[in-house]
Protein chains: 2
Amino acid sequence: MTSHMEQFKIIVWEEENFQGKRSEFMMECPNAMERGFRKIRSIKVENGPWIGFEYPEYQGQQFILEKGDYPHWEAWSGNSAYRTENLLSFRTIRCANHNDSRVTLYESENFQGIKFELTDDYPSLQAMGWCSKEVASIKVLSGAWVAYQYPGYRGYQYILERDRQNGEYRKYTDYSSQAHSSQIQSIRRIQH
Amino acid sequence: MTSHMEQFKIIVWEEENFQGKRSEFMMECPNAMERGFRKIRSIKVENGPWIGFEYPEYQGQQFILEKGDYPHWEAWSGNSAYRTENLLSFRTIRCANHNDSRVTLYESENFQGIKFELTDDYPSLQAMGWCSKEVASIKVLSGAWVAYQYPGYRGYQYILERDRQNGEYRKYTDYSSQAHSSQIQSIRRIQH
């Protein structure tokens, strides 16, 4: 464990606006209910980044949680169509040095077809020249990224990490099992 | 009008998922209702960026609209607490060359107190070292930016432009009249 990782810290509350039952975590929590929480309604990230998950055992919708205050669920859920008030497990993410982050997007499954390697944030992949609204497979070469369903970092969030499954997302269900869609219109690096 | 500006194009529909009455715009629209729309429920940005506004005459909540597809209101509204289905006026934004964007944040009103000059995107201002959740005044030196209430580009959006009021936002009501709050936890450049 590096000295950086020892600094990770998140505080969660059972009620909105940092009220009610409170607990601090320095490491991953696979099931908040087993720690005595019926729900989590507000969060402060003291040092991150973390990923929150809709369900226990890191299942369901994913939410990037960077340093700052999240007084209620709207602050972390990017998808208001499918109202997700649950956040029942969470873990830390290891990032690359910001300038070393690299990811390649592919037009087709299994890293086939037109590809594009990114090292920067793109609020609109189409403005960058990606001709489709969809991304069929993704290879993370370095760091951790968050891809979004809509432009401007909105909609469903997909966390993509070099340290998970070797950074290889061979088909859209590898990154988007919760959304049943390969639609990705913006992407950005996850920063310390 | 520069050649770049002539390329701006947005298509709007009265119903979700690009259904119903449709119209293309190459320039600003102060009141969609005067163009025969009772509402706008889906949008495609062919060339941007644009800003959408909740009410006619560029009033109310602001929504950054970059190139891509917005099949329903959740795709552009970052604030699901205050359910905003209206988008009744819109206009283009002039951006700087991406690498030339500059903005200075100030701790106190009228450009006083601790300040920080930014030239990059920050999904968490606190992670960058800004000690408060609030920003009291802002000077845009170059380009256009969008600041957000929460980390990770969530919550209320505030469009900040060098070309509006000389880029000077002397107190939070200059940028945040719709939200009645000076809370800003993330900020990014607006890109072509």
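Quick note: structure is the one above.
A few points on the structure.

What counts, and where the lines are drawn
What you see as residue numbers is a count from 1 along each chain, following the sequence as written. Chains carry letters from A onward and ligands carry numbers from 1 onward, assigned in written order. The predicted nature of this model means local features are confined to residues of pLDDT at least 70 and side-chain atom pairs, given and counted, to a pLDDT of 80 or more, with totals for whole chains, interfaces and linings taken over all residues. Based on all heavy atoms of the structure, the side-chain values leave hydrogens and waters out of the count. Note on definitions: a residue-residue contact is assigned when non-hydrogen atoms from the two residues lie within 4.5 Å. Buried area: the accessible surface (1.4 Å probe) lost by two parts on joining, summed over both. A carboxyl oxygen of Asp or Glu within 4 Å of a side-chain nitrogen of Lys or Arg is what we treat as a salt bridge. We call two N or O atoms a polar contact when they sit within 3.5 Å, provided that within protein one can donate a hydrogen and the other can accept it, with sequence-adjacent residues counted only if both atoms are side-chain atoms. Note on conventions: DSSP H or I runs of at least 4 residues are helices, E runs of at least 2 residues are strands, and numbering of each starts at the N terminus. Each residue receives one of three labels: charged for Asp, Glu, Lys and Arg, nonpolar for Ala, Val, Leu, Ile, Met, Phe, Trp, Tyr, Cys and Pro, and polar for the others, Gly being one of them. Note on pairing: two strands pair once DSSP finds at least 2 bridges between them.

1. Examining the interface of chain B and chain A
Accessible area lost upon the coming together of the parts serves often as the stated size of an interface.
Thought 1: With 35 residues of chain B at the contact, the number on the chain A side is 35 residues.
Thought 2: Summed over both partners, the interface of chain B with chain A buries about 3000 Å², with 51% contributed by carbon and sulfur atoms.
Thought 3: Contact with chain A buries surface across chain B, with K67(B), Y150(B) and R154(B) losing the most and accounting together for 21% of the total.
Thought 4: Between D69(A) and K133(B) there is a salt bridge; the shortest N-O distance is 3.2 Å.
Thought 5: Inspection of the region where chain B meets chain A yields ten residue pairs in polar contact (both at pLDDT 80 or more).
Thought 6: Put simply, the parts of the chain that give the side of chain B that touches chain A at least two residues each are β6 (68-70), α2 (125-128), β11 (144-150) and β12 (154-161) of chain B.
Thought 7: Within the side of chain B that touches chain A, the residues separate by chemical class into twelve nonpolar, 14 polar and nine charged.

2. A short note on the sheet that holds strand β10 (residues 137-142) of chain A
Residues and elements named next belong to chain A.
Thought 1: If you walk across this open sheet you meet the four strands as β9-β8-β10-β13, and the pairing is antiparallel. Because the sheet does not close on itself, it has two edges, and the strands there are β9 (112-118) and β13 (168-169).
Thought 2: The pairing of strand β8 (residues 102-108) with β10 spans five bridges and is classified as antiparallel. Bridge pairing links T104 to K139 in β10.

That's the geometry; what it means functionally is another story.
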